[in-house]
Amino acid sequence: MAKKKKQDIYYLDTASFSVQKVKVSAKQRILHLLGYFLVGLVFFGIAMILSFSFFNSPEEKKLKNELYAAQVQYRYLSKRMDKLSEVLGDVQQRDQNLYRIIFDAEPPYNRAVLRNNYSEFNEYQMGDLIVETSEKADHLATALYAQSKSLDEIYAMAKKKDERLRSMPAIFPINKEEGHVVSGFGYRPHPIFKALLMHTGIDIAAPKGTPIYATGDGMVEVAGANAKNLIGYGICCLLDNGFGYKTLYGHMSKVAVHSGQKVKRGDIIGYVGSTGNSTGSHLHYEVIVNGKKVDPVYYFFIDVSPEEYLKILEKSREINQSLS
């Protein structure tokens, strides 16, 4: 096959009215080629910009998919943490409002939440989500540790439950058929000082010589008359029942125990009388919890029926003159 000859370019010379051949130099040819190249380069650049703006490369698609999956996982993890927080909150409520009431224990200490610095994540696209989830994790970790320690305490208390229940003052200190409450806990007119004074126990009227029973297991701390810090109680007995409980029995005619003696619930520790600042034969009975005197009526829950308890409660609420 013969080579195709390069086609020549001609033009009409108006001066001579003849057709002349166009002579193109090498420089002009190079400039023409360079112009075509630059135009093509510009169009190629525009095409690339449009491509990157509206179309993702396979690598970009992969990265975007991974980012979306990470966002979904973080949101799911955040919701899971919210659910776990609800469950933990329920356990904490039971701890404070059920378990610790059963064992009459102080509420657990509030521990500060551990908070780390996550400010370096703020510059990332998912920074807010990462920081929020991380802070929830910090809160959960701290709360779970605190709750774990609290449950350890409750477990230790549960092992001592029987001993604790035996020590808790829980019976009426006098035979119910022989004595009855005549004055309750609270401010009452004093029979001797003729003033409205705080009555820190209850008065149970009974004949002289009526047996008085220990309301819980314990050790005799004081037994006799004129004990230090117990002036006015006459012949009295103070039991240390342990676990923060103490019980005081005042105005006895005589005691049946001695200091340092261990007693069981139901043991006779003395007999009703009217010694000290007293105006009649009765037992003045007090319950002390962690150094604070409380209403003894709340601790009659073993040998008292609901009807009897309501009667005792109603009588103890009357604002009448105490016997001591």
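Just so we're clear, the structure is a prediction, and the values are computed from it rather than from any experiment.

Okay, the overall build of the protein next. Broken down by element type, the protein carries 5 helices and 14 strands. Across the 324 residues in the protein, those meeting the buried criterion constitute 33%. Sequence-distant contacts in the protein: of pairs separated by 6 or more residues, those separated by 24 or more amount to 65%. With an accessible surface of roughly 21200 Å², the protein has 59% of that area assigned to carbon and sulfur atoms.

Before going further, it helps to examine the environment of Ile269. As for its position among the elements, Ile269 is in strand β12 (residues 268-272). Ile269 sits in the buried class, given a relative accessible area of 0%. Separated by 57 residues in sequence, Ile269 and Ile212 have C-alpha atoms that sit 5.9 Å apart.

Take the pattern of salt bridges next. Going through the model one piece at a time under the given rule, you end up with 4 salt bridges. Note that Glu221 is salt-bridged to Lys246, the shortest N-O span being 3.1 Å. Of this pair, Glu221 sits in strand β8 (residues 218-224) while Lys246 sits in strand β10 (residues 245-255), and the two are 25 residues apart along the sequence. What makes Lys246 partly exposed here is its relative accessible area of 27%. Ionic pairing is found between Lys293 and Glu286, a salt bridge with its closest N-O pair at 3.1 Å. What you see here is one network of salt bridges that share partners, running through Arg166, Asp217 and Lys264.

A few words now on the pairing of strand β9 (residues 235-242). Within β9, 6 of the 8 residues are buried, which leaves the element mostly enclosed by the surrounding structure. When β9 meets β10, the two strands line up antiparallel, connected through 6 bridges. Its bridge partner being in β10, Cys237 is matched across the sheet by Tyr249. Between the end of β9 and the start of β10, which pair antiparallel, lie 2 residues, with Phe243 showing a positive phi angle near 55°.

Per the stated rule, a full pass over the model turns up 4 aromatic pairs. Between Tyr245 and Tyr299, the aromatic rings sit 6.1 Å apart at their centres with planes inclined by 80°, giving edge-to-face as the arrangement. With Tyr245 in strand β10 and Tyr299 in the loop between β14 (292-294) and α5 (306-316), this pair connects stretches of sequence that are 54 residues apart. Each member of the pair, Tyr245 as well as Tyr299, carries the same accessibility label: buried.

With a phi angle near 55°, Phe243 is a residue other than glycine that sits in the positive phi range. Mapped onto the secondary structure, Phe243 falls in the loop between β9 and β10. The backbone phi angle of His251 is positive, close to 65°, even though this residue is not glycine. Following the sequence through the fold, His251 ends up in strand β10. The class of His251 is buried, set by a relative accessible area of 2%.

Rules and cut-offs
Residues numbered from 1 in each chain as written. Predicted model: local features only at pLDDT ≥ 70, side-chain atom pairs only at ≥ 80, totals over all residues. Heavy atoms only, no water. Helix = DSSP H or I, 4+ residues; strand = E, 2+ residues; numbered from the N terminus. Buried < 20%, exposed > 50% of the residue type's maximum accessible area, 1.4 Å probe, protein only. Contact = heavy atoms within 4.5 Å. Areas by Shrake-Rupley, 256 points an atom, 1.4 Å probe, with all protein chains shown as cover. Salt bridge = Lys/Arg side-chain N within 4 Å of Asp/Glu carboxyl O. Pairing = 2+ DSSP bridges. Phe/Tyr/Trp six-rings, centres within 6.5 Å; stacked < 30°, edge-to-face > 60°.

By themselves, these figures tell us nothing about what the structure is for.
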